[in-house]
Structure formats: C-alpha cells, structure tokens
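Coordinates in review
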Amino acid sequence: MGLTKQYLRYTASALFGVIASQKGNIVYVTLRGEKGRYVAVPACEHVFIWDTRKGEKVLILQGLKQEVTSLCPSPDGLHLAVGYEDGSIRVFSLLSGEGNVTFNGHKAAVTTLQYDQLGGRLVSGSKDTDLIVWDVINESGLYRLRGHKDAVTQALFLREKNLLVTSGKDTLVKWWDLDTQHCFKTLVGHRTEVWGLAFVSQEKRLITGAADSELRVWNITYIQEATDPNEPESKKSKGSPAKAEKASEVDETSTLDEMPEERLLRCNKAGSIMRAGRDRVVTLATDRTGRILACHGTDSVLEVFCVLTEDEICKKMEKKMRKAKKKAKLKSEEAEEEPEGSIEMSLQEEIQRVTSIKASAKIKSFDLILSPKGELKATLLLQNNTIECYILNPSAQVPQVVRASKITIGGHRSDVRTLAFSSDNIAVLSAAAESVKIWNRSTLQCIRTMACEYALCSLFVPGDRQVIIGTKTGKLQMYDLASGSLLETLAAHDGALWSISLSPDQRGFVTGGADKCVKFWDFELVKDENGTHKRLSVKQTRILQLDEDVLCVRYSPNQKLLAISLLDCTVKIFYTDTLKFFLSLYGHKLPVLCMDISYDGALIATGSADRNVKIWGLDFGDCHRSLFAHDDSVMTLQFVHKSHLFFTAGKDHKIKQWDADKFEHIQTLEGHHQEVWCLALSPSGDYIVSSSHDKSLRLWERTREPLILEEEREMQREAEYEESVAKEEQPVVAGETQGETGLAGKKTIETVKAAERIMEAIELYREETAKLKEHQAICKAAGKEVPLPVNPILQAYGNISPSAYVLEVFKKVKSSELEESLLVLPFSYVPDLLVLFNEHIQRGSEVELLCRALLFLLRIHFGRITSNQLLVTVIESLKKTTISKVSEVRNVLGFNMAGLQFLKREIEAKDEVTFFADATDHFEEKRRKRKKKEKLVLTMV
C-alpha cells in the first residue's frame, strides 16, 4: 500500500537570540591558556562560551533537551561540569567541546556542583534534597548523602580534610565526614533558608548568607587527632608556650567526652557582617584565592568585601597597640602597664567592605577572578539577557569600578512578542519591548538593532526595505532598514494595536486595536521635509467601528473578506469593499487570540485561550472540526503557504503541526522551555522562527525526510514509556535499610537496556556452551572432527569465545550505569556471571572492572549466594584469584607511579641544571660588557 498523503518532517535547526539563560550560573573558564577572558553561561539546553573582550561566541557545548541549571569548571581548567533540569550531569571537555561523561542520579534539577581540590571528585546537590559524590576519573557514582529536608543550595569540599559542607532551604548547614559518609554536625543558627556558603581565611572561617541582610560568620577550630607518643614533637612557635598548649589539650579532651559530634571540629558563631541589601542573598562566593568575597541579592548591586590575611591582621593589631599606648601615655604616666589583650580586631575590620558594583539590571549570578597583579575581574549574568564585566583594584584607597565590556547585541532585553519573515525568506524581524532586530536567517547574525516602543505586531513593507511595527500604546512606527532609522511614528489607535495584516494586493494594510476600531491604511510616497527625495509613508483611508476590542485581523487571499476576532469570543467576517457583515463564527469559550485563512480562501482556523483550535468553512461559516490543541492558551496560528497544513504554538511550550483536511495532529516541535509567544513561517514554507519567554528564538527547517503518522505515534509512545521508567520506584538492596547514605545512581531506560544486553549475552553464552557440548558428543560418536557452526554475533566480533563476548558486553556498559544495571539483573543470571568472572580474573583480564561488579553482586545477593551449595567452590576459587590478581594490579600501579615520579625528578633536575647554566652565561655576558665599558672610558680619558 502506497503512502496516501506524505508529510515532510520539520527539525530544529538553530537556537539564537539568547545570550544567557537565568536558571544557571555564570563561570570563568580557561580556554586557549587564557584566564579571565572567557565565560561559560547556560543558554537554554546548551552552554555558550563567550569571549568577553570581543563579545563573540567561541564555543557551544551542545545539550540534549533539558535546561541547564548549574555549571562548575574543573580545577585544571580542562573540563566543565554541567547540571540539568532533569537531574542529569554531563562533563564536557573544553578542548574538544564534547560531553564524554554522563551521570544520572538525581530525580530533580541540579542546584549546585563543586569539584574537590584535585578535580577527582564532584559533588552535586539537587532540588530532590540529595547530595551525590561522583568519581570523575572512574566515571561512576560513589555514594548518595541524605539528610536535608529541602533543596540543597550549596556544597563545598574542604581542601585539607575529607569533609563536605552543605546548605539547604531547610535552614540547615550540615557537615559531612566523607570517610564514614555521615553527617556529624548540623548548624541550626539560621531562621530562614541558607542560600550560600563560602570559606575564607584558609578555611578557618565559614560565611553563610540567608534570607536577611546578615552575613553570618562562623569560626572553625579543627581538633587535632590524638598524637602518637613515639612521634617527635613539632617545633613550637615563639609566641606559644608549651604550658598553654597542654592546658588547651586537657580542655579539649574534657569537652570531647561531653560533645561526641565535636571530634573533628568546632564551629562557633563569630558575628555578622551587615549587607546593604535588605532582601535574600542570591549568590555568595569568593574568588579562587579566598581573598575577595562578594554577594548580591535580588537587586542590581554586587557587594564586594576583602578578607585580610594573618600578616595584615598582625600589622593592624600592632598599629592599634601603638595608638592605644600613645593614648594611655597622654592620659597618665601610670597607664603604661595596660594589659595588651584588651585590644581586639573587630570582624568588620578583618572582613572589609571594598565597594559596590552597580549593574544595569538585576543580577542573577556572578563569578570573580583575582589576577596576580591584584586586579579583580567580576563578570555578571543579568536578568535581561546580558553579560557585563567589571574591573577594579580592591587594594586601592578608593577602588574605581570600570565596566570593561558588555555583551548585548546577540539578543533582546525582554521577550520577543512579534516575528516576521521578509518575502525572500532571508531576513527575520523580531521585536520586543525595547528594540527591533533584523537577523540574517542563514548566518543568524543580528544585522540591525533599532530602538522602538513596546511592539505587539509587525510586517515587512513590500520590497523589504522598510518595516512597520504596531505598539502597545497604539502607535505605528515605520523604520528604514538601510539606514536603521525611524522614518515616522503615527498615532493609529487609542489602545494597544494588537494586530496588523498586509492586503493581498500589497498596496496597504489593516490594523485592529483595543479601541474597538479596525483601520485601513494605504502606502503613499510623500516629499521628505529634510531632502528633495520622496519617501514612503502611510495614510488612513477607512475606519470600521465595532462593539468589542479587536484582537486579530486577517484578509482573505482574494481580498474580498476581512476576518476580525473580538473580545466577546466571536470572529466576525465582513466584506472588504462595502464593510457589510457577512458571517459570525461563535463557539469558543474564551477570546480568539490568533487566526489564519488558507491560501485558497476555503478554510479559516482560529486558536483561542480556551486551548482549542476550530477549523471553519469560509463559504457558510460552518465549524468543520474542533481540536483540543494545547494544554494552555493557543498564542499563534499560521497556515503553510500553498497547503492546508497549519502550525499552532501555545503557552504549554510546544509548537504543533496540523492537517486541516484530515483534522490530524502531524508532529510536535519541542524545544522551548517556557511559553511560546509567536511564530513566523517563511513565504516558501521551508522555515519557521519561534520566540518564547525563555528569551530564545528558534529556527526550524523543513527536511526532505517523509513523516509517517503511525511511526510518529509509535515514537511518542516509546518516549512516554522511557519517561515512566525513570519515574518508577527505584530498586532496593535486600537487607539494607534506608539510611543517610545510598547508591549514587538511579534506574533509567539506559540502565534497563544495559541489564537486557547483559542478560542476552549470558543467554547466548548458555546456548553456545550447550552447543559446544553437543558438538563434542557428535565428534566422539562420529570418530572424526565435524565443523562447528559459528554464531553470527561471535563472528562479527572476530570469532571470539562466548565468555569473551560477555566480557565485551560488560566493558560497553557505562561506568556510571554499572551498579544500577546489575541491581535490576535477575538472580538466575548471577551464578553464570560468577563462573565467568572467575574465568576472566584468573586470566588477568579487566580485573578492576570485574572486581567492582563482583563485590557489588556479593553485596546485593549476599544471602542467596552464600546459601547456594553449588556456588561454594566458585566463591572459594574467586576468593583466592581476586586477592592475588588485585595485589598484582596494585604492584603494577605502584611500580608505574614510582617510575613516573623518578622521571619527574630527572626532568626537574635537568631543568635546574639548564636554568643555572643560563644564569651563569648571563652573568658572564654582563661581566664582559662591564669590562668593555670600563676599557672605553679609560681610552676616552
């Protein structure tokens, strides 16, 4: 059976118009060996890397579907960890721009990401209240930490100790010991959500930001572990006598017995620093050195503080002492013996306010970098789709804040409310509350930016040299594209000008507004006041007065009829020439926000705030079909040129294509993360541009790939099933209770598929083993070698053995999904796996991977494995082989480490020799020159 009707698939072609999304955070990244020049920002589902000096986009890290919510660069500057709305994390290489590692563990959006000092571990916090520590090198999850009762807002590793500090919206700050994986201390000094954490003064101070104008400062005292009596004593510093130290030790041991949770550290409140802002802290962070602290609230001010070092504090104290002594001397001669301890540094003196940076709009996040010269660079991600970079010198007496750069050209400051295509399909117009932009469709570059009032509708004047904008105040603004100038502004309507429609004869247009009027306009050439040339203008020809606000107007293609949508939920159709009433289309429960008439004038489709689309015949005004189109208001509707197919877009973030003859939903274009406001189809029908509340513009392109409805429905069902798998109850480990820690991964469709691949491989191994036994029996009976039929799968892998095939399948399971795949694997496959593991470990192949899988299987099936008599011999054999093989691997690693360290020392020694040789040559050269100079002077004399 042939295809009765062929549709062509539209696919996402590009994302533009967005500079940075507000959901994630901005970070400095090292690219091409330069620090402080490039910034990474979330851009819907992608990550854009901008060059702040040139204002250019240098790299795009491609995402999949979900919005980016968190970014964190690795300490070595080579990778960037990206957290997404669905809880997944991807680690991208900044050299290649590819995301090689994916972690799935959270059920909700990732709110914070942080690397440890070496970059080997990554901690992620989420809205699902869990924390997960990931092993970046092994590409797997280590463990999950549960304890917070609300979304985690920040997580920080300590540099020296194996500890983690986290804050949450549950008002708590928790300290975790990662050796034992439990929470050993909870700070409960906050009355509101804790939004930020930062360490200063070499991790001896913790600063927390909450929902008030106080930054709370906590002193951290690390309790020394009990010293070994045989250990030699460390040298005492001059100022600290041994007696005082012993006394403090006795004091510590006595308090330790009372407070068992204080075995690792003490955390006491030292005081507060007041912010200028009255609202909650949005971001609180330090630069990489911990010297500069900055924070901002929901306003446009970034407050910058400088944390003094110990040396600076000592100098200040000495200064204070001298001043105090002078004062005392002046007062009386006896006061010289005043105790020195009475003078103390206040917290405000130790953490000094440097300055405030005033941005041009509300700040969403920031990042700092302090150059070795002492210059501070701050980059701010603003709410209005802008990035700003500032430079200041914090050590100056009066720090001057200088705005170094601003990235604005690539997008609008507010949502785009109207779009239009030029007649040649090349230029795209987008207009928002503050500007009109013209884009080149093929390069996606912004060609023109022109200031305008709040735009609601737009069109290209025939000839594509001018554009007309209808505004919220009821004005018509006409712009010349060649010069980018405003030609004229006309007061067209008393209320908002909601809709504009070009007449099919291209001689004029019609506008409808909130003043209950429809006005007809003609293009005309008028003499320019400034010059001798004539320029284009418009004049009003007729007015049609109505009883309700006009929301949308459309001409029929033959220009005989004019359709007008009114606030009373009806669509009235009038004859264009006489303005006599022809039809009324009623049936929508809420106002019709958009409509369009097909190319042949046979059909009119209307989209309403009641979420329905109705298709009507334009000859009698009969409703052919009512379609439930979107889960929220239908915002825009447009027919494809020369067809009865049309597109709708709604507040449910979706764009849908429909067939008006068969009343079928053809395809859904998903990509926008928030309400879609408008879309425009190119005159050829090959391109669609759509705009959304997520500040993005998206280009969709018609491909030559045919779209079959049954296949489309099947794909939709599969996608729904895959989503439901992730939402199912997570499998549990038998005998383990739900405690503070848990497995890092989660059940996803990938882990289920990996488990199925393992099961298929084991079944193939069983079949092939049985076949081999049969073959041996046949050979024995025949008394000669009979050819063995080879399995095509094993042949494809290069005639490997069935057991080697199982190992190949294991190697292909992603490291981060291994545990979860084994967790959903039925126990009936485990005995075969143990036998295979034994075989491969004895050979010494993939020891590390197989030991990891083996130990996990023993953990989850401990009871059933130990009670199975048939597995006793296998387990005994495994016990011997694993211990010997693991120690072999450890020895190899140790040898390699020692070899590398030896080579490193050799290279360093060589470098030192060459350095000294260069220095000697340089010195000799200088001496020769000096002698020459002296000789010259002597000869002159």
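Please refer to the structure higher up on the page.
Residues numbered from 1 in each chain as written. Predicted model: local features only at pLDDT ≥ 70, side-chain atom pairs only at ≥ 80, totals over all residues. Heavy atoms only, no water.

A few words on the overall build of the chain. When helices and strands are tallied, the chain shows twelve helices and 57 strands. C-alpha extents for the chain along the principal axes are approximately 115 × 110 × 80 Å. Split into buried and exposed, the 941 residues of the chain put 48% on the buried side. Long-range pairs, those at least 24 residues apart, make up 49% of the contacts in the chain between residues at least 6 apart in sequence. Accessible surface computed for the chain: about 48,200 Å², of which carbon and sulfur atoms make up 52%. Each charge sign in the chain was given a centre, from 126 positive and 130 negative side chains, and these centres are 5 Å apart. (Helix = DSSP H or I, 4+ residues; strand = E, 2+ residues; numbered from the N terminus. Buried < 20%, exposed > 50% of the residue type's maximum accessible area, 1.4 Å probe, protein only. Contact = heavy atoms within 4.5 Å. Areas by Shrake-Rupley, 256 points an atom, 1.4 Å probe, with all protein chains shown as cover. Lys, Arg positive; Asp, Glu negative; His and termini not counted. Charge placed at Lys NZ, Arg CZ, Asp CG, Glu CD.)

In this structure, Phe810, Leu822, Leu833, Leu834 and Phe837 are the most contacted members of the largest nonpolar core, which totals 39 residues. For this core, the element with the most residues is helix H10 (residues 847–860), which contributes nine residues. Discounting residues that sit within four places of it in the chain, Leu833 has contacts with Ile762, Val806, Phe810, Leu822, Leu825 and Leu857. Membership of the second largest hydrophobic core comes to 18 residues, among which are Ala294, Cys306, Val354 and Leu380. (Core = buried A, V, L, I, M, F, W, Y, C linked by side-chain atoms within 4.5 Å.)

What follows is about the pattern of salt bridges. Per the stated rule, a full pass over the model turns up 37 salt bridges. The salt bridge involving Glu388 is made with Lys406; its shortest N-O contact spans 3.6 Å. Of this pair, Glu388 sits in strand S28 (residues 386–392) while Lys406 is found in strand S29 (residues 402–407), placing the two residues 18 residues apart along the sequence. Relative accessible area serves as the criterion here: at 35%, Lys406 is assigned to the partly exposed category. The salt bridge partner of Asp686 is Arg702, with a shortest N-O separation of 2.9 Å. Here Asp686, found in the loop between strand S54 (676–681) and strand S55 (687–692), pairs with Arg702, found in strand S56 (residues 697–707); they are 16 residues apart in sequence, far enough to count as distant. Relative accessible area serves as the criterion here: at 22%, Arg702 is assigned to the partly exposed category. Look at the salt bridges and you will find they share partners, linking Glu34, Arg37, Asp51 and Arg53 into a network. (Salt bridge = Lys/Arg side-chain N within 4 Å of Asp/Glu carboxyl O.)

This part is about the environment of Thr111. Its location among the elements puts Thr111 in strand S10 (residues 110–115). Taking the relative accessible area as the measure of exposure, Thr111 reaches 27% and is therefore partly exposed. Sequence-wise, Thr111 and Leu158 are 47 residues apart; in three dimensions their C-alpha atoms are separated by 19 Å. One polar contact links the side chain of Thr111 to the main-chain carbonyl oxygen of Val152, over a distance of 2.5 Å. (Polar contact = N/O pair within 3.5 Å; in protein donor to acceptor, adjacent residues only side chain to side chain.)

Our next topic: a positive patch on the surface. Taken together, Lys316, Lys319, Arg322, Lys323, Lys326, Lys327 and Lys331 make up a surface patch of like positive charges. Along the polypeptide, Arg322 turns up in helix H2 (residues 310–331). Residue classification places Arg322 among the exposed residues on the basis of a relative accessible area of 52%. (Patch = residues over 30% accessible without salt bridge, like charges linked within 9 Å, V, L, I, M, F, W, Y side chains within 5 Å.)

Mapped onto the elements, Glu768 comes out in helix H5 (residues 749–782). Look at Glu768 and you get buried, because its relative accessible area is 10%. Not counting residues within four places of it along the chain, the set of residues in contact with Glu768 comprises Asn791, Leu794 and Pro802.

The next point concerns the side chain of Asn425. Its location among the elements puts Asn425 in the loop between strand S30 (418–421) and strand S31 (427–431). In this view, Asn425 contacts Arg441, Ser682, Pro683 and Ser684; residues no more than four positions away in its chain are not counted.

What follows concerns the sheet that holds strand S45 (residues 581–585). Pairing between the strands of a sheet is mediated by backbone hydrogen bonds and can be parallel or antiparallel. Read across the open sheet, the four strands follow the order S42-S43-S44-S45; overall the sheet is antiparallel. The open sheet is flanked by strand S42 (550–555) and S45, the only strands paired with a single partner. Sheet twist, expressed as the mean angle between neighbouring strand axes with direction ignored, is 20°. (Pairing = 2+ DSSP bridges. Axes fitted to C-alpha atoms, helices over the stretch in contact; angles between N-to-C directions.)

Turning our eyes to something else, we now look at the environment of Thr606. Mapped onto the elements, Thr606 comes out in strand S47 (residues 603–608). On the basis of relative accessibility, which here comes to 0%, the residue Thr606 falls in the buried class. Sequence separation between Thr606 and Thr570 is 36 residues, and the spatial gap between their C-alpha atoms is 9.9 Å. The contact partners of Thr606, leaving out residues within four places of it in the chain, are Val571, His588, Val592, Cys594, Met595, Asn612, Val613, Lys614, Trp616 and Leu637. Side-chain polar atoms of Thr606 contact the side chain of Trp616, separated by 2.9 Å.

Spatial ordering of the open sheet is given by S18-S19-S20-S21, a layout of four strands whose pairing is antiparallel. Edge positions in the open sheet fall to strand S18 (196–200) and strand S21 (265–274), since each of these has one partner strand only. On average, each strand axis in the sheet is tilted by 25° relative to the strand beside it, whichever way the strands run. Looking at chain direction, S18 and strand S19 (residues 205–209) are connected through five bridges and run antiparallel.

This part covers the packing of H5 against helix H7 (residues 802–812). The interhelical angle for the contact between H5 and H7, taken along N-to-C directions, is 175°, at an axis separation of 9 Å. What the angle tells us is that H5 and H7 run roughly antiparallel. Contacts between H5 and H7 involve Arg757, Ile758, Ala761, Ile762, Leu764, Tyr765 and Glu768 from the first element and Pro802, Ser803, Tyr805, Val806, Val809 and Phe810 from the second. Split by residue class, the contact of H5 with H7 holds ten nonpolar, one polar and two charged. (Parallel < 35°, antiparallel > 145°, perpendicular 65-115°, else oblique. Nonpolar A, V, L, I, M, F, W, Y, C, P; charged D, E, K, R; others polar.)

Moving on, we get to the packing of aromatic side chains. One pass over the full model with this rule turns up twelve aromatic pairs. Geometrically, the ring pair formed by Trp175 and Phe199 is edge-to-face, given 6.3 Å between the ring centres and 65° between the ring planes. Taken together, the residues Trp175 in strand S16 (residues 173–177) and Phe199 in strand S18 connect sequence positions 24 residues apart. Judged by relative accessible area, Trp175 falls into the buried class, the value being 0%. When the centroid spacing of 5.1 Å and the interplanar angle of 45° are considered together, the rings of Tyr575 and Phe582 count as tilted. An aromatic cluster of at least three residues, connected via ring pairs, comprises Phe509, Trp521 and Phe523. A cation over a ring is seen here: Arg441 above Tyr687, with NZ or CZ 3.8 Å from the ring centre. (Phe/Tyr/Trp six-rings, centres within 6.5 Å; stacked < 30°, edge-to-face > 60°. Lys NZ or Arg CZ within 6 Å of the ring centre and 35° of its normal.)

Within strand S8 (residues 88–93), six of the six residues are buried, which leaves the element mostly enclosed by the surrounding structure. Taking every second residue as pointing to the same face, both faces of S8 are buried, with Ser88, Arg90 and Phe92 on one and Ile89, Val91 and Ser93 on the other. As defined by bridge partners, strand S7 (residues 79–84) adjoins S8 across five bridges and the pair is classed as antiparallel. Note that in S8 the partner of Ala81 across the bridge is Val91. Between S7 and S8, which pair antiparallel and follow one another directly, the connecting turn spans three residues, one of which, Gly87, has a positive phi of 95°. As judged from the five bridges shared by S8 and strand S9 (residues 99–104), these two strands associate in the antiparallel manner. Pairing of Ser88 across the sheet is with Asn104, part of S9. Remark: five residues form the turn of the hairpin made by S8 and S9, two consecutive strands paired antiparallel; Gly97 in that turn has positive phi of roughly 80°.

Under the 1.5 Å per step criterion, the end-to-end length of H10 is 20 Å for 14 residues, consistent within 8% with the ideal 20 Å. With ten of its 14 residues buried, H10 lies for the most part within the structure. Three or more residues of H10 are buried, namely Val847, Leu849, Leu850, Cys851, Arg852, Ala853, Leu854, Phe856, Leu857 and Ile860. (Expected span 1.5 Å × (residues − 1).)

Judged by side-chain charge, Glu756, Glu760, Glu763 and Glu767 come together as a negatively charged surface patch. Relative to the helices and strands, Glu760 is located in helix H5.

With that settled, consider the pairing of strand S15 (residues 163–168). Burial analysis of S15 places six of its six residues in the buried class, which makes it a mostly covered element. Of the two faces of S15, the one carrying Leu163, Val165 and Ser167 and the one carrying Leu164, Thr166 and Gly168 are both buried. Across five bridges, the pairing between strand S14 (residues 152–157) and S15 is antiparallel. Looking at S15, one finds that Phe157 is bridged to Leu164. Counting the residues in the hairpin turn of S14 and S15 gives five residues. Both S15 and S16 contribute to a ladder of five bridges, which runs antiparallel. If you follow Val165 over to S16, its bridge partner there is Trp175. Hairpin connection between S15 and S16: a loop of four residues separates the two successive antiparallel strands, and Thr171 in this loop has a positive phi of roughly 70°.

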